Amino acid sequence: MTAVRPDIAPKQAPEATRFPTGFVWGAATAAYQVEGAAAEDGRTPSIWDTFSRTPGKVRNGDTGDIAADHYHLYRDDVALMKRLGLKAYRFSISWSRVQPTGRGPAVERGLDFYRKLVDELLEAGITPVATLYHWDLPQELEDAGGWPQRVTSDRFADYAAIMAGALGDRVGTWTTFNEPWCSAFLGYGSGVHAPGRTEPASALRAAHHLNLAHGRAIEVLRGQLPAAAQTSVTLNLHQVRPLTASAADADAARRIDAVGNRIFTGPMLRGEYPEDLIADTRHLVDWSTLVHDGDLAAISGPIDVLGVNYYTPTLVSTPEKGAGSTRDDGHGASDYSPWPGSEHVAFHLSEGKQRTAMNWAIDPDGLYNLLMDTSRDHPEVPLMVTENGAAFDDYVSPEGRVEDPERIAYLHGHLDAVQRAVADGADVRGYFLWSLMDNFEWAYGYSKRFGTVYVDYASQRRIPKASAHWYADVIRRHALPPTGPS
Ligand code: FCB
């Protein structure tokens, strides 16, 4: 055998590992964060309109009234997506735009917006992925009690039927909820999200009714959509890690895993609430009356894809280990806990990691572990990364460019983690970058920029950041580009 002399060996980089055939490349947004047109064409307020108008709730008093004006600029936005080579667009539907009071007949003008958006996407060769609920409950339904009331899940099933009827012929992938954990526990527990209630028992009740609404909607969608349609839900599964190897910290991690993750994956994917969750929270709710006969069967109807959103891991301990501990778990500071029954758990910022503008540690291994753990625990359901991305303090240079090398590094690291998980056996079908463009970042208003496209809110001009061009290159190659000096 002839050894190749290193000095004459070919200098070409090895062929980059390609993503699996059919792997979907997308970007995501949500209705209240981008649409604007808050009072147009019959739309009525959602809980986020009310919340953002309540003094002190959203930074700088920002609201989604105008946002990125996607409602009027959607054609330009789709054209931009096409130029970037995106294969899929994940958007959400504003419930109070299509069914203003959350009850009764739909408003055609509202439905028309989504019909036109979807047609535009299809025309551009971009697959629409519709989320029915990204946190914006019609205010009238909150006035009637909101998610802690069981009847809200009936309303949601009706709304799902309206949307399946309106878009079922042209949307192939449907997601019931985005991050129901946030709706239940930030909305009704810590109160940092709309509707801003701070009632631990109501938060748990909301979680069950969101689960029930999911199950009912899946049944409705299955009944109305063509057989090839895919149904899903998106969860922000917390990648929980104990601070130390102690039994007490392991218990803290178990508790946060229960009320952060398994409260959804248990009923949805196994048809049961975890016993430890029930034990941890039974002083707050009577699960035997909250959960009716038949609920768990309804909630656990099969789904085709599980969406996972990941930004940063969650490092926990018991309070005694509290040096450097914080009440801020990364979801926003509040005097009230979003962890009913486990309020004593302390949260930590992992040391030695770079951080985004949200102060979230950058940790791609968290995504790798999340995908591996989830596919090990639920091998029957394929995964889709439905959100991943980072906020940085982006600005436009005098030459009119937005350079965001930190975001490129973040995306590279996390896509590499996805690729490693796929190589190690996780069935991951695609990746959606959060977000297509800068938008209303909930309680942080417009102060945090997650977009790969910069939005100049004064002019509504869009400027693709360097990361948008980088992502377009990844999509073209269907592989990660080489890093470092070539
Ligand atoms: C997720 C939300 C999304 C966005 C990102 C940063 O929790 O689903 O709307 O705010 O965080």
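Refer to the preceding data block for the structure.
The text that follows walks through the structure, step by step, so that each part is easy to find.

Some words on the overall build of the protein
Helix and strand content of the protein: 16 helices and 14 strands. Seen along its three principal axes, the alpha-carbon backbone of the protein occupies a region of about 75 × 55 × 45 Å. Burial analysis of the protein (486 residues in total) assigns 60% to the buried set. Approximately 19100 Å² of the protein is accessible, and the part contributed by carbon and sulfur atoms is 52%.

Quick look at the layout of surface pockets
Volume-wise, the largest pocket comes out at about 790 Å³. Lining the largest pocket are 43 residues, and of these Thr312, Asp329, Gly330, His331 and Trp360 sit closest to its centre. If you list the elements that add at least two residues to the lining of the largest pocket, you get helix H8 (180–186), strand E8 (314–317) and strand E10 (346–348). By residue class, the composition of the lining of the largest pocket is 20 nonpolar, 17 polar and six charged. In this structure, the second largest pocket encloses a volume near 360 Å³. Contributing to the lining of the second largest pocket are 19 residues, with Asp257, Asn261, Arg262, Thr265 and Asp377 lying nearest its centre. For the lining of the second largest pocket, the secondary structure elements donating two or more residues are helix H10 (247–270) and helix H14 (364–377). The residue inventory of the lining of the second largest pocket, partitioned by class, reads five nonpolar, seven polar and seven charged.

Let's talk about the environment of alanine 346
Considering the arrangement of structural elements, one finds alanine 346 in strand E10. Separated by 268 residues in sequence, alanine 346 and valine 78 have C-alpha atoms that sit 43 Å apart.

A look at the side chain of threonine 356
Locating threonine 356 in the fold gives a position in the loop between E10 and H14. Aside from chain neighbours lying at most four places away, what touches threonine 356 is Ile362, Ala390, Ala391, Phe392 and Tyr410.

Here's the deal with the packing of aromatic side chains
Considering all chains together, one arrives at 37 aromatic pairs under this definition. Ring centres 4.8 Å apart and planes at 55° place the aromatic pair tryptophan 48 and tryptophan 442 in the tilted group. Remark: tryptophan 442 occurs in the loop between strand E12 (428–434) and strand E13 (453–456) and tryptophan 48 occurs in helix H2 (residues 47–53); sequence separation between them is 394 residues. Each member of the pair, tryptophan 48 together with tryptophan 442, is buried. An aromatic cluster is present here, built from Tyr32, Trp48, Phe51, Trp135, Phe440, Trp442, Tyr446 and Tyr457 joined pairwise through their rings.

Quick look at the site of the ligand
Near the ligand you find Gln33, His134, Trp135, Asn178, Glu179, Tyr311, Glu387, Trp434, Glu441, Trp442 and Phe450, and these make up its full shell. The separation between an oxygen atom of the ligand and a polar side-chain atom of glutamate 387 is 3.0 Å. Between tryptophan 442 and the ligand, the recorded distance is 2.9 Å, taken from a side-chain N or O atom to an oxygen atom. Coverage of the ligand by the protein amounts to 94% of the 300 Å² it exposes when considered alone. Across the shell around the ligand, the residue classes break down as five nonpolar, three polar and three charged.

Looking at the side chain of serine 96
Turning to its location among the elements, serine 96 is positioned in helix H4 (residues 95–98). For serine 96, a relative accessible area of 0% translates into the label buried. In terms of polar contacts, serine 96 uses its side chain to reach the backbone carbonyl oxygen of threonine 44, at 2.6 Å. When residues no more than four places from it in sequence are discounted, the contact partners of serine 96 are Gly42, Arg43, Thr44, Pro45, Ser46 and Pro138.

Quick notes on the packing of helix H7 (residues 151–167) against helix H9 (residues 200–224)
One can describe the packing of H7 onto H9 by two numbers: an axis separation of 8 Å at closest approach and a directional angle of 30°. Considering the angle they form, H7 stands roughly parallel to H9. For the pair H7 and H9, the sense of crossing is right-handed. Judged by residue contacts, Ser153, Asp154, Phe156, Ala157, Ala160, Ala161, Ala164 and Gly165 of H7 engage His209, Leu212, Ala213, Arg216, Ala217, Val220, Leu221 and Gln224 from H9. Partitioned by chemical class, the residues of the contact of H7 with H9 number 10 nonpolar, four polar and two charged.

What to know about helix H15 (residues 405–423)
For H15, spanning 19 residues, the distance from its first C-alpha to its last is 27 Å, which sits close to the expected 27 Å at 1.5 Å a residue. When we look at burial in H15, the residues that qualify are Arg407, Ile408, Tyr410, Leu411, His412, Gly413, His414, Leu415, Ala417, Val418, Gln419 and Ala421. Considering only its buried residues, H15 is in contact with strand E1 (24–28), H14, strand E11 (383–387), E12 and helix H16 (466–477). Downstream of H15 by one or two residues, glycine 425 has phi in the positive range, about 110°.

Some words on the pattern of salt bridges
Any two side chains of opposite charge can pair, on the condition that their charged atoms come close. A full pass over the atoms with the stated rule returns 38 salt bridges. Among the salt bridges present, the one from arginine 407 reaches aspartate 394, with a minimum N-O distance of 2.9 Å. Separated by 13 residues along the polypeptide, arginine 407 in helix H15 and aspartate 394 in the loop between E11 and H15 bring together distant segments of the chain. A single burial state applies to arginine 407 and to aspartate 394, both of which are buried.

Topic: the sheet that holds E12
An order of E1-E2-E3-E4-E5-E7-E11-E12 is seen for the eight strands of this closed barrel, with the pairing classed as parallel. Taken pair by pair, the neighbouring strands of this sheet meet at an average axis angle of 25°, ignoring direction. In this structure, strand E5 (residues 230–235) lies alongside strand E7 (residues 305–309), joined through four bridges in parallel fashion. Opposite serine 232, over in E7, you have valine 305 as the bridge partner. Across the sheet, H15 lies against E1, E11 and E12, angled at about 170° from E12, the strand it touches most. Along the sheet, H16 contacts E1 and E12; its crossing angle with E1, the most-contacted strand, is approximately 155°.

Calculation notes
Residues numbered from 1 in each chain as written. Predicted model: local features only at pLDDT ≥ 70, side-chain atom pairs only at ≥ 80, totals over all residues. Heavy atoms only, no water. Helix = DSSP H or I, 4+ residues; strand = E, 2+ residues; numbered from the N terminus. Buried < 20%, exposed > 50% of the residue type's maximum accessible area, 1.4 Å probe, protein only. Areas by Shrake-Rupley, 256 points an atom, 1.4 Å probe, with all protein chains shown as cover. 1 Å grid on protein atoms, 1.4 Å probe; cavity = no way out; pocket = protein on both sides within 12 Å on 5 of 7 lines; lining within 4 Å. Points joined across faces, edges and corners; volume = space filled by probe spheres on them. Nonpolar A, V, L, I, M, F, W, Y, C, P; charged D, E, K, R; others polar. Contact = heavy atoms within 4.5 Å. Phe/Tyr/Trp six-rings, centres within 6.5 Å; stacked < 30°, edge-to-face > 60°. Near = heavy atom within 4 Å. Polar contact = N/O pair within 3.5 Å; in protein donor to acceptor, adjacent residues only side chain to side chain. Axes fitted to C-alpha atoms, helices over the stretch in contact; angles between N-to-C directions. Parallel < 35°, antiparallel > 145°, perpendicular 65-115°, else oblique. Left-handed = near helix turned anticlockwise from the far one by under 90°. Expected span 1.5 Å × (residues − 1). Salt bridge = Lys/Arg side-chain N within 4 Å of Asp/Glu carboxyl O. Pairing = 2+ DSSP bridges.

Structural measurements only, silent on function.
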